[in-house]
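Tertiary structure, described
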Amino acid sequence: NAGVMQNPRHLVRRRGQEARLRCSPMKGHSHVYWYRQLPEEGLKFMVYLQKENIIDESGMPKERFSAEFPKEGPSILRIQQVVRGDSAAYFCASSKGTEDEKLFFGSGTQLSVL
Amino acid sequence: GDSVTQMEGPVTLSEEAFLTINCTYTATGYPSLFWYVQYPGEGLQLLLKATKADDKGSNKGFEATYRKETTSFHLEKGSVQVSDSAVYFCALSADAGGTSYGKLTFGQGTILTVHP
């Protein structure tokens, strides 16, 4: 049973380009969470999605960032017109969604903006 | 808002030494508390958890007790191994009836290095 898969592992973008980060949850998981880890900081919650629905986006920056989790395919975190301050590790986690269910994390995507 | 504060790192120990990593929290209501571990190049893994006051979470020789009176959840291990070298994160989940159980507030992480 494969774990949470994120790709790419490393992504380099120039300022102004778009970054698309993908997350395939564990089999049977319909709840996805995105976190951002800035250098020497803890992970910060960004957004919580279920299939085709955004449940909680209270941690998402108001501009340039968007997330989706379509009926088919992986969850996508999209950052438009990237800036140097977007450089960070982006982690995805998934769960079945029940109250006592464990959260499983992917290995993350390291985004570097030149 | 909710917050988690961990002791400053990095922490460097010799094998078989005693480990304590302090964690205190601020939250409304009755949060669940967690310790996660991140090995180099990997995602976070749940190490242990406690969901109510005085609960003790334990796993792989690590322990932490939910202390509501001191709002703390300190991680301890009696005898560390080289393989325990990793980054350790304390986290909480607000009691939201399970609808946002995966929405965690993390501390900044503590780097642990264990030498032979």
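Residues numbered from 1 in each chain as written. Chains lettered and ligands numbered in written order. Predicted model: local features only at pLDDT ≥ 70, side-chain atom pairs only at ≥ 80, totals over all residues. Heavy atoms only, no water.

**Looking at the side chain of A:His31**
Residues and elements named next belong to chain A. This is how the line gets drawn: Secondary structure follows DSSP: runs of H or I at least 4 residues long count as helices, runs of E at least 2 residues long count as strands, and numbering of each begins at the N terminus. Polar contacts here mean pairs of N or O atoms no more than 3.5 Å apart (in protein, one a potential hydrogen donor and the other a potential acceptor; neighbouring residues in sequence count only if both atoms are side-chain atoms). We call two residues in contact when some of their heavy atoms are within 4.5 Å.
Examined against the element boundaries, histidine 31 turns out to sit in strand β4 (residues 31–37). Polar contacts involving the side chain of histidine 31 include one to the side chain of tyrosine 48, which spans 2.6 Å. A polar atom in the side chain of histidine 31 sits 3.5 Å from the side chain of glutamine 50. With residues near it in sequence (within four places) discarded, histidine 31 still touches Tyr48, Leu49, Gln50, Ala93, Ser94, Ser95, Lys96 and Gly97.

**Considerations on the sheet that holds strand β3 (residues 19–21) of chain B**
Residues and elements named next belong to chain B. The cut-off we apply is this: Pairing between strands is defined by DSSP: at least two bridges between them are needed. Axis definition: a line fitted to C-alpha atoms, over the contacting stretch in the case of helices. Angles run 0 to 180 degrees between N-to-C directions.
Ordered in space as β3-β9-β8-β7, the 4 strands form an open sheet in which the pairing is antiparallel. A single partner strand is all that each edge strand has here, and the edge strands are β3 and β7 (56–59). Along the sheet, successive strands turn relative to each other by an average axial angle of 15 degrees, direction set aside. Of the strand pairs in this sheet, β7 and strand β8 (residues 62–65) are connected by 4 bridges, and their pairing is antiparallel. Bridge pairing in β8 links glycine 57 to alanine 64.

**What about the packing of aromatic side chains?**
The condition is simple: We call Phe, Tyr and Trp rings a pair once their centres come within 6.5 Å, taking the six-membered ring for Trp, and we label the pair stacked below 30 degrees between planes, edge-to-face above 60, and tilted otherwise. Buried, partly exposed and exposed residues are distinguished by accessible area as a fraction of the type maximum, computed with a 1.4 Å probe on protein chains only: under 20%, between the cut-offs, and over 50%, respectively.
Following the criterion strictly, the structure yields 11 aromatic pairs over all chains and no others. When the centroid spacing of 5.6 Å and the interplanar angle of 90 degrees are considered together, the rings of A:Tyr35 and B:Phe106 count as edge-to-face. Of the two residues, A:Tyr35 is situated in strand β4 and B:Phe106 in strand β11 (residues 104–106); the pairing between them involves two chains. One exposure class covers both A:Tyr35 and B:Phe106, and it is buried.

**Some points on the nonpolar core**
Stated formally: What makes a nonpolar core is a set of buried Ala, Val, Leu, Ile, Met, Phe, Trp, Tyr and Cys residues whose side-chain atoms join them at distances within 4.5 Å.
Counting 26 residues, the largest nonpolar core has B:Leu19, B:Trp35, B:Leu47, B:Leu48, B:Phe73, B:Leu75 and B:Tyr88 as the members making the most contacts within it. Mapped onto this core, the elements with two or more residues apiece are β2 (11–14), β3, β4 (23–26), β5 (32–38), β6 (44–50), β8, β10 (86–93) and β12 (110–115) of chain B. Here this core takes 4 residues from β10(B), the largest share from any one element. With sequence-adjacent residues up to four places away left out, B:Leu75 is seen in contact with B:Leu19, B:Thr20, B:Ile21, B:Trp35, B:Leu47, B:Leu48, B:Phe62, B:Glu63, B:Ala64 and B:Tyr88. A:Leu11, A:Leu21, A:Val32 and A:Val47 belong to the second largest nonpolar core, which has 23 residues in total.

Scope: geometric values only; no functional claims are made or implied.
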